[in-house]
Amino acid sequence: AAFRQAEEAALQTLLSCPALSALLHPCVQVVNYAPFTLLPSAVPRALFEQAYAVQQDFNLLVDAISQNKEFLEQTLASTIKVDDFTARLFRIYMQVLEEGLAQTVFLGINRSDYMFDCGVDGTTALKQIEINTIAASFGGLTSRTAHVHGLVLKVLGKTKEASHLLPNNPSEGLASGIAKAWELYGSPSAVVMFLVEEVQRNIFDQRCVENELWKRNIRVIRRRFRDVFEKGSLDDSRRLYIDGQEVAVVYYREGYVPQTYDQQNWEARLLLERAQAVKCPDIATQLAGTKKVQQELSRPGTLEKLLPNHPEAVARMRATFAGLYSLDEGEEGDKIAATAIADPDRFVLKPQREGGGNNLYGEELRQVLEKVKDSPERTSYILMDKIKPQPALNYLLRAHSPLQVSECISELGIFGVYVRQGRELVLNEAAGHLLRTKAVEHADGGVAAGVAVLDTPYLV
Ligand code: ADP
Ligand code: MG
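Figured I'd write up the structure that's included with this text. Remember, predicted model here, so these are calculated numbers, not experimental data.

**Here we look at the pattern of salt bridges**
- In the structure shown here, the tally under the stated rule is 33 salt bridges.
- A salt bridge links Arg299 to Glu296; the nearest nitrogen and oxygen atoms lie 3.0 Å apart.
- Residues participating in the shared-partner salt-bridge network are Glu198, Arg224, Arg226, Asp227 and Asp262.

**Some details on helix α16 (residues 331-342)**
- Its 12 residues give α16 an end-to-end C-alpha distance of 17 Å, which sits within 8% of 16 Å, the value for a rise of 1.5 Å per residue.
- Within α16, burial applies to Gly333, Ile336, Ala337, Ala340 and Ile341. Taken around the axis of α16, the buried residues stretch over an arc of 140°, which confines them to a single face. Exposed positions of α16 whose direction lies more than 90 degrees from the buried face are Glu331, Lys335 and Ala342.
- Close packing links the buried residues of α16 with β11 (324-326), β12 (347-351), α17 (362-372) and β13 (381-385).

**Considerations on the site of ligand 1**
- Looking at ligand 1, there are 21 residues lining it, with Lys291, Lys350, Gly356, Glu411 and Lys438 nearest.
- Glu354 is positioned such that a nitrogen or oxygen atom in its side chain is 3.0 Å from an oxygen atom of ligand 1.
- Here Ile387 contributes a backbone N or O atom positioned 2.8 Å from a nitrogen atom of ligand 1.
- When ligand 1 is considered free in solution it has 540 Å² of accessible area, and contact with the protein chains removes 95% of it.
- Of all the elements in the fold, those that place two or more residues in the shell around ligand 1 are β4 (124-132), β12 and β13.
- Split by residue class, the shell around ligand 1 holds 7 nonpolar, 4 polar and 10 charged.
- The two domains that each donate at least three residues to the shell around ligand 1 are domain 1 (32-322 + 387-459) and domain 2 (324-386).

Reading guide: rules and limits
- Residues numbered from 1 in each chain as written.
- Chains lettered and ligands numbered in written order.
- Predicted model: local features only at pLDDT ≥ 70, side-chain atom pairs only at ≥ 80, totals over all residues.
- Heavy atoms only, no water.
- Salt bridge = Lys/Arg side-chain N within 4 Å of Asp/Glu carboxyl O.
- Helix = DSSP H or I, 4+ residues; strand = E, 2+ residues; numbered from the N terminus.
- Expected span 1.5 Å × (residues − 1).
- Buried < 20%, exposed > 50% of the residue type's maximum accessible area, 1.4 Å probe, protein only.
- Arc of directions from axis to C-beta.
- Contact = heavy atoms within 4.5 Å.
- Near = heavy atom within 4 Å.
- Polar contact = N/O pair within 3.5 Å; in protein donor to acceptor, adjacent residues only side chain to side chain.
- Areas by Shrake-Rupley, 256 points an atom, 1.4 Å probe, with all protein chains shown as cover.
- Nonpolar A, V, L, I, M, F, W, Y, C, P; charged D, E, K, R; others polar.
- Domains from an automatic or database assignment.

The following block contains the structure:
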C-alpha cells in the first residue's frame, strides 16, 4: 500500500510540472510520464564529487579539440574512409573552415557519463563511458527527479533520508549558458532556435530549458531541419533568418544520427554551420564527441599535447579513463581484435554512433569482429574495456510495463556548459547531474532507447 501511495504521489508531482502546459500544443498526440526508479540509488560520495571536479577539465578539453583541425583530421582519417556519416559531417566541417567561420561566439553543452567500476577487491572507481557533445538530454526532466524521490521517501516515512537528497537543476545551468551566448551574439531582438526532431519524443525535457529562457525574456522558437531547408536564409554577413526572425543561437536536439539526414536536411545543416549564429554545438564540437576521438584521447601523450599547460587537469581526466583500443589496420589493431575474439566479455565494441542501442557485447561482439577483422570496415569501430558495476535492487516504473523488482546498475552524467568568445573562455561550469538506472540484463541503452530510467543519487 505504501508503495502504491508513493507511486501515485510521484506521478502527481510529475504532472504538476509547468512543462506540461505544452500539452495544449496540437502536435502532441500521446503523453506518457518519463520512466523513473521508485527509490533513489546509492552512489559513492567520493566518486560523485570526483565526477563534478573533473567536469570543467572536460569542457576545456572538448573546446580545445574543436579548435584543433590537425588533431581532428588525423584522428578521424581512418574512420571517414569507411563511415559515411562521420565523413559527411567532416566534409561540412572542412567546407565551413575553407570559407572562413562567421561564428565568433561558441557554446558547448555536454554531458560526461560514468559508471562505477567494481574491482575484484570490492573497491569502486569512476570510469567514463563517453562524453555527449550534441543533444545531451534529460537535463530538463531530471531537474524534477529529486523532488519526486524526496516525496517518495517521505511517504515511506524516511523524512531524514529525504532531506539528504541534493538539489539539482541542470535546466537552469543549461539555460544560463544559452543566455550568455545569446547576449554575446549581441542582437536583442534575435531568437534562440531549438532544432528539434521530426517526431518529438522528449519535448517536456526540452521545454524545461526553454521555460528558463522565457523567464529571462529570451524568445525561443522550435524548428526542424525541414523548416530550415524551406525557410532559412543567410544575409550578406551570414546572419541567419527564419520566418523573418534573426536567430542568435541554434540549440541542436537533433542531428546526431544518419537517419535524420536526407539531401535537404544535409543542405540545411550546411546552411546553419555557415551562419554567424552560435551553434550548440558547432560541427567541430560534434566531431570532438565521436567514439574515435575518445579512443585517441586515451593514448599516452595525447591529452598532454592537446592541453600542454594543464598537467593537473590532464591527470584528473586520465584517472577516469577505461581501457580504449584502436581497431585501425595494422599490428596494434590485429592484436586487440584477436584478444577480444578470444574473450568477448571483457570488452564493448562501439561503432561511430550515438543514441543508444548500437554497441555490441558478448557473442555478438565476437561474431561481428570475426567477420570484419580482416577488412577495412574494422576501423569504423573502437573497442573499450567493459565496466562492471555492482548491481542493487530497485523498482523501474515505466508506463504500460509490469511492476517488478530488478537488479539494477546506474550511470551518472555530469552536465558541462561553456561559452567562448573568440579565443577567450568566458564561462566554464558544471551544471548539474543525471542518474540513469537500468536492469542488469540490458547491456546497452539510455532512457530514450527505452532501457534506462531517471533516478536520483543517494550519496553514501
Ligand atoms: P551511445 O552514444 O549510444 O549513448 P555509449 O557509449 O554511451 O553510446 O553506450 C551506450 C550504453 O552502453 C551506455 O549507456 C552503457 O549503459 C553501455 N556501455 C557503454 N560502454 C560501456 C562499457 N565500457 N562498459 C559497460 N557498459 C557500457
Ligand atoms: Mg551514451
